[in-house]
Structure formats: C-alpha cells, structure tokens
Amino acid sequence: MEEIDTVMKLGMAHPMGPLQLADFIGLDVCLSILRVLQDGFGNPKYAPCPLLVNMVAAGQLGVKNGEGFYTYTPGSKELVVAERFR
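The numbering scheme is per chain: residues are counted from 1 as the chain's sequence reads. Side-chain atom pairs in this predicted model are given and counted only at pLDDT of 80 or more, local residue features only at pLDDT of at least 70, and totals for whole chains, interfaces and linings cover all residues. Neither water nor hydrogens contribute to the side-chain values; these are computed over all heavy atoms in the structure.

Engineer: Provide a residue-level description of the overall build of the chain, including the pertinent values.
Structural biologist: Check the secondary structure of the chain and you find 4 helices and 2 strands. Secondary structure elements are defined from DSSP: runs of H or I of at least 4 residues count as helices, runs of E of at least 2 residues count as strands, and each element is numbered from the N terminus. Ordered by position from N to C terminus, the α and β elements of the chain give α-α-α-α-β-β. Burial status across the chain gives 28% buried among its 86 residues. Contacts spanning at least 24 positions in sequence make up 42% of the contacts within the chain whose residues lie at least 6 apart. By the counting rule applied here, Lys and Arg register as positive and Asp and Glu as negative, while His and the ends of each chain are not counted. A single reference atom marks each charge: NZ on Lys, CZ on Arg, CG on Asp, CD on Glu. Mean positive and mean negative side-chain charge positions of the chain (7 and 9 charges, respectively) differ by 5 Å. Accessible area is worked out with a 1.4 Å probe on protein chains only. A residue is then buried under 20% of its type maximum, exposed over 50%, and partly exposed in between. Residues are treated as being in contact if the distance between any of their heavy atoms lies within 4.5 Å.

Engineer: How would you sum up the side chain of Gln20? Please name residues and give values.
Structural biologist: Counting through the fold element by element, Gln20 comes out in helix α2 (residues 18-25). Classification of Gln20 as buried rests on a relative accessible area of 17%. Contacts of Gln20, omitting those with residues within four sequence positions, involve Asp5, Lys9, Tyr70, Tyr72 and Leu79.

Engineer: Explain the confidence of the model for the chain residue by residue, including any values.
Structural biologist: When pLDDT is averaged across the chain, the result is 93; 99% of the residues are at 70 or more. The weakest mean pLDDT in the chain belongs to helix α1 (residues 2-11) at 81; the strongest belongs to helix α4 (residues 50-57) at 98. A residue's pLDDT is the predictor's confidence in that residue, given on a scale from 0 to 100.

Engineer: Tell me about the nonpolar core, residues and numbers included.
Structural biologist: With 13 residues, the main nonpolar core has Ala22, Leu27, Leu52, Val56, Phe69 and Tyr70 as its most contacted residues. For this core, the secondary structure elements donating two or more residues are α2, α3 (27-41) and α4. Beyond its immediate stretch of four places on either side in the chain, Ala22 contacts Leu27, Cys30 and Phe69. By nonpolar core we mean a set of buried residues, namely Ala, Val, Leu, Ile, Met, Phe, Trp, Tyr and Cys, connected to one another through side-chain atoms within 4.5 Å.

Engineer: How would you summarise the packing of α3 against α4 if you had to cite specific residues and measurements?
Structural biologist: At their nearest, the axes of α3 and α4 sit 9 Å apart, and the two run at 130 degrees to each other. Relative to α4, the element α3 lies oblique. In terms of crossing hand, the pair formed by α3 and α4 is left-handed. Residues Leu27, Asp28, Cys30, Leu31, Leu34 and Arg35 of α3 touch α4, and the partners they reach there are Leu52, Val53, Met55 and Val56. Among the residues making up the contact of α3 with α4, the classes are represented as 8 nonpolar, no polar and 2 charged. Helix axes are fitted to C-alpha atoms over the stretch in contact, other axes to C-alpha atoms as well, and angles between N-to-C directions run from 0 to 180 degrees. These descriptions rest on fixed angle ranges, namely under 35 degrees for roughly parallel, over 145 for roughly antiparallel, 65 to 115 for roughly perpendicular, and the rest for oblique. Handedness of a helix crossing follows the sense of rotation of the near helix relative to the far helix, less than a right angle counterclockwise being left-handed and clockwise being right-handed. Residues are grouped as follows: Ala, Val, Leu, Ile, Met, Phe, Trp, Tyr, Cys and Pro are nonpolar; Asp, Glu, Lys and Arg are charged; every other residue, Gly included, is polar.

Engineer: Tell me about α2, and please be specific about residues and values.
Structural biologist: Listed as buried for α2 are Leu19, Gln20, Ala22 and Asp23. Viewed along the axis of α2, the buried residues span an arc of 155 degrees, placing them on a single side of the element. Looking at the buried positions of α2, the neighbouring elements they touch are α1, α3 and β1 (70-71). Gly26, located one to two residues past α2, shows a positive phi value of around 115 degrees. Starting at the helix axis, one direction is taken to each C-beta atom, and the arc is that of these directions.

Here it is in structure tokens:
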C-alpha cells in the first residue's frame, strides 16, 4: 500500500499519493462522491470498493479523526501506515 503512494510521489512528482490524498479529503467524502457518481451515471464502475465502505463504517475517516490508510498523530508530520495494513 505504501508503495503506491511512494511511486506517485516520487515517480510522478505528486505532492501526495492517492491513498494519502483520500485520507486528506476524508474517506467518508470519497465514499459519498462515488455513490453520487454511481447513482448519477448508473454505471457500476463507480461502485465503491468494499474496503472503503468497511473503513467508513468502522469510523476510519482519514486525517479528520486520525485513522484511515495511515495513522495521524497531532503535531506529527510522519506518515505511518495504519496497523491493519502493515
């Protein structure tokens, strides 16, 4: 998982990888956007993956509550992979 973000940051010169970006936006917001796209277009390609649905249901929303794909500690800029993905 961490490799995906590292490749995008280093290889594509993005400021953050897609999983870190999802955490930053909020996993609940990402889920909501996918549901609107799926309902609006009626296309199953926009269906949210079960992992995202389960994470939001478990209250893992990303930066806003300190736990998503990464674990966030107030005052720290260190990027730590969440326990469930180690």
